[in-house]
Each structure stands twice: as structure tokens, then as C-alpha cells.
Amino acid sequence: MKRLFKTIAIAIAGAAMLVSCNKDQISETYTPAEGDGLFTFNATGTAAFEFGPESPNMTIELYRSVADAEATVPVSSTQMLGETPVSVLDIPSEAKFEAGSHTAHVVITYNENLKADNSYSITLSIPAEQTSPGGNATIAFNASMAYVWESLGTDGQFYDNMGGLIVPVEVLLATNSPVPNSRYRIMNPYPAEAQAAIAAGVGAFVGGPVSEYIEFVVDPETKLLTWSGYWNSGVLVDATLSFSHLNYWFGTESPFAGATEFPSECGMMMEGIFQFKPHVSAFADEAQSSGWTISNAYEYLALPGYDLSSIGL
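We now turn to the structure provided with this report. Remember, predicted model here, so these are calculated numbers, not experimental data.

**Observations regarding the pairing of strand S22 (residues 230-236)**
Each regular strand carries side chains that alternate between the two faces of the sheet.
Then, number 1: S22 sits mainly inside the fold: 6 of its 7 residues count as buried.
Then, number 2: In terms of strand pairing, strand S19 (residues 205-210) meets S22 through 3 bridges, oriented antiparallel. Looking across to S22, one finds that valine 210 is bridged to serine 233.
Then, number 3: Sheet topology places S22 next to strand S23 (residues 245-249); 4 bridges connect them, and they run antiparallel. Among the inter-strand pairings, leucine 236 is bridged to a residue of S23, identified as histidine 245.

**Some thoughts on the nonpolar core**
Then, number 1: Among the nonpolar cores identified, the biggest contains 32 residues, and Phe216, Leu246, Phe276 and Leu301 are the most heavily contacted of them.
Then, number 2: Elements with a minimum of two residues in this core: strand S17 (165-174), strand S18 (183-187), helix H1 (192-202), strand S20 (213-218), S22, S23, strand S25 (273-276) and strand S26 (279-283).
Then, number 3: Residue contributions to this core peak at 4 residues, all from S17.
Then, number 4: With residues up to four places along the chain from it excluded, the contact list for phenylalanine 276 reads Ile186, Phe216, Leu225, Trp227, Trp231, Cys266, Ala297, Tyr298, Glu299, Tyr300 and Leu301.
Then, number 5: Counting residues in each nonpolar core, the second largest holds 27 residues, with Phe41, Phe51, Val73 and Ala143 among its members.

**Focus: unusual backbone geometry**
Then, number 1: Backbone geometry places lysine 223, a non-glycine residue, at a positive phi of 70 degrees.
Then, number 2: Structurally, lysine 223 is set in the loop between S20 and strand S21 (225-226).
Then, number 3: The exposure class of lysine 223 is partly exposed, given its relative accessible area of 37%.
Then, number 4: The residue glutamine 288 is not glycine, and still its phi comes out positive at about 55 degrees.
Then, number 5: Here glutamine 288 lies in the loop between S26 and strand S27 (291-294).

**Section: the pattern of salt bridges**
As a working rule, side chains carrying opposite charge can pair if their charged atoms are close by.
Then, number 1: For the coordinates displayed, the defined rule picks out 4 salt bridges.
Then, number 2: Here arginine 183 ties to aspartate 117 by a salt bridge, and the two come within 3.4 Å at their closest N and O atoms. Here arginine 183 is found in strand S18, whereas its partner aspartate 117 is found in the loop between strand S13 (103-110) and strand S14 (119-125), with 66 residues between them in sequence.
Then, number 3: Accessibility expressed as a relative area gives 17% for arginine 183, which makes it buried.
Then, number 4: Owing to a relative accessible area of 39%, aspartate 117 belongs among the partly exposed residues under this scheme.
Then, number 5: Here arginine 183 ties to glutamate 215 by a salt bridge, and the two come within 2.7 Å at their closest N and O atoms. Remark: glutamate 215 occurs in strand S20 and arginine 183 occurs in strand S18; sequence separation between them is 32 residues.

**Observations concerning the side chain of lysine 277**
Then, number 1: Within the secondary structure, lysine 277 is located in the loop between S25 and S26.
Then, number 2: Of the buried charged residues, lysine 277 lacks a salt bridge, with glutamate 265 as the closest side chain of opposite charge at 4.7 Å.
Then, number 3: There is a polar contact of 2.7 Å between the side chain of lysine 277 and the backbone oxygen of serine 295.
Then, number 4: A polar contact of 3.4 Å, which involves the side chain of lysine 277, links it to the side chain of tyrosine 298.
Then, number 5: Apart from residues lying up to four places away in sequence, lysine 277 is in contact with Trp227, Phe262, Glu265, Cys266, Ser295, Asn296, Ala297 and Tyr298.

**Details of the sheet that holds strand S5 (residues 39-41)**
Backbone-to-backbone hydrogen bonds join strands into a sheet, with any given pair of strands oriented parallel or antiparallel.
Then, number 1: In spatial order, the strands read S5-S7-S13-S11; together these 4 strands make up an open sheet with antiparallel pairing. Both outer strands of the open sheet, S5 and strand S11 (89-90), are each paired with one neighbouring strand and no more.
Then, number 2: Here S11 pairs with S13 via 2 bridges, running antiparallel. Paired with aspartate 90 across the strands is threonine 109, a residue of S13.

Calculation rules
Residues numbered from 1 in each chain as written. Predicted model: local features only at pLDDT ≥ 70, side-chain atom pairs only at ≥ 80, totals over all residues. Heavy atoms only, no water. Buried < 20%, exposed > 50% of the residue type's maximum accessible area, 1.4 Å probe, protein only. Helix = DSSP H or I, 4+ residues; strand = E, 2+ residues; numbered from the N terminus. Pairing = 2+ DSSP bridges. Core = buried A, V, L, I, M, F, W, Y, C linked by side-chain atoms within 4.5 Å. Contact = heavy atoms within 4.5 Å. Salt bridge = Lys/Arg side-chain N within 4 Å of Asp/Glu carboxyl O. Lys, Arg positive; Asp, Glu negative; His and termini not counted. Polar contact = N/O pair within 3.5 Å; in protein donor to acceptor, adjacent residues only side chain to side chain.

This is the structure in C-alpha cells:
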């Protein structure tokens, strides 16, 4: 692309006196626009990308202003896990522009070194002297590996003592977790009948968000389990307040006091049977400064092939 601008020649007489402006000397001159023939990364690139069997590659775009001929720009990269250099992605060392194209693509794939449970810091760079003025010489993002989930069966059992129902559930296991047999998902733990039972049991109302699954991790040594944040059961404390849904917090992450000891009661009771003790609460205002808490809630899971009747449920 060329930028068209006009230059006006002026005649100067004497030391500094302007004596005339000759319009015959006005001419049209072409000069390269800023960035012509130079390159830049797409500034709207992703900040994070999760690789996996369903997303085996990601694409980074580079732009240029002049597309008359083929062009190649070198691409360097760094890959870090914390402070440690790693090699978890296969990143091309250059980007090639076809003649007539203003865009080139750097297609990145992952290799066997990319592990689940980790977040890697990735930076791509092109030489500063080949970068358009005001352009992006570098682009950075976080890379991670998606978990690969395998069904253990659909005859698992889930029980929430606030509703008193044993619900049949499918249980998934993350087969590529660095720690074998440690990360699970309980699928659809709160169907409609469970929501209604809990609402009746605590004097609340059916409504609000319902978690598609509960994901938790078991420590192979201590047999204690953890989860991140909270899950939801589709129950509102106040039917007129959309933000009053029950949140099942991991004890140390609860916004309300009184649950720091709860994690010690979360873990494997016996082979195939798990106990959860969340801090159940709901917010009473949109500012989330006050609310209701339920401290005697327990949930239990029996993996497929096991039975909650073994613990008296």
C-alpha cells in the first residue's frame, strides 16, 4: 500500500523572507507507508490455549502491508514452566508469506512433553528490525493440556444428605493426569428430582444454576480430596433473588468463616467410596457481603461397581 501526499516547494528570497508561492511547483510524490514491507503479529491473539485430541493445533497470524512477492520472516520462541525452559510445543522457526497474501500463519502443535495439570508460558518473537512501526514484535500466551476423560460406568451413586436421594451417576476418570487415578468427574449429580428434594429439605426453592459435573482430585497418599471453588445444585434460598443460589464451596475457599476444618473430612472413606463436606452458602445481596450458610451438609460418591449401602446409606 502506498501513501500519497503532496509536497509544496516554496521560494525563499534574501535571508529569510518568503517572496512567493509557486503553485506550478506543487507535485504529487509517493512514499512508503509506515509498516510497508514489514511484519507484525496479530494483536488479538489468544491469551491462553488448551491443546488436546480435539484441539491438536493453534494458529498464530502475522500481517504485512506489502504483498507483491513472497516473503519469509524468522520466528523465535521461548517455552517455560515457571522458571524452567521446556520444549512442549512444536513451533516453526519461520513464517512464509505467499505472493499476493498479506497474512501468514504459524501453526503450532503439541508433543508428548505437554502434560496436564501444568500451565506453560509461551512467547513468539520476530526481529525488531523487521517489525512494522507500532506493530507487535512478540506475542505471548499460556498453553495447557486438556484432560482426556474416560467413563468408568454409569452405575455410580451420588447422595446429598440435604435431599436424601441416591442418584445414579456416570463417573469419568482423567486418563492423562500426571498422577494416575486421581482426577474424577461426577456427571449430572443434581437431576430435577434431586433439586426438588434439596429445596424441600432445607425450606428453599428450585432454581438457579445447576452444575453439569463435580470435578475433584484425590491425593494418592493422604486419600483426601479437593475441588476448586464451588458447585451448584439448582436451589435458591430466596426465589425472588437470582443470586441466592446454593454454592458448595471447598472449605478453605469459602467466602464465609467457619469452614477451615472442613477439608479434613473430605476424602476416601473406603475403597470406591468418597465423602465430601462442603461449606454450603448463598449470598443475600448482589455485593456478596452477606448471606446464609449451611454447615452440616455431606455428600457421598460410590464409584461404579461400589454401593453406598456399605456405609449405611
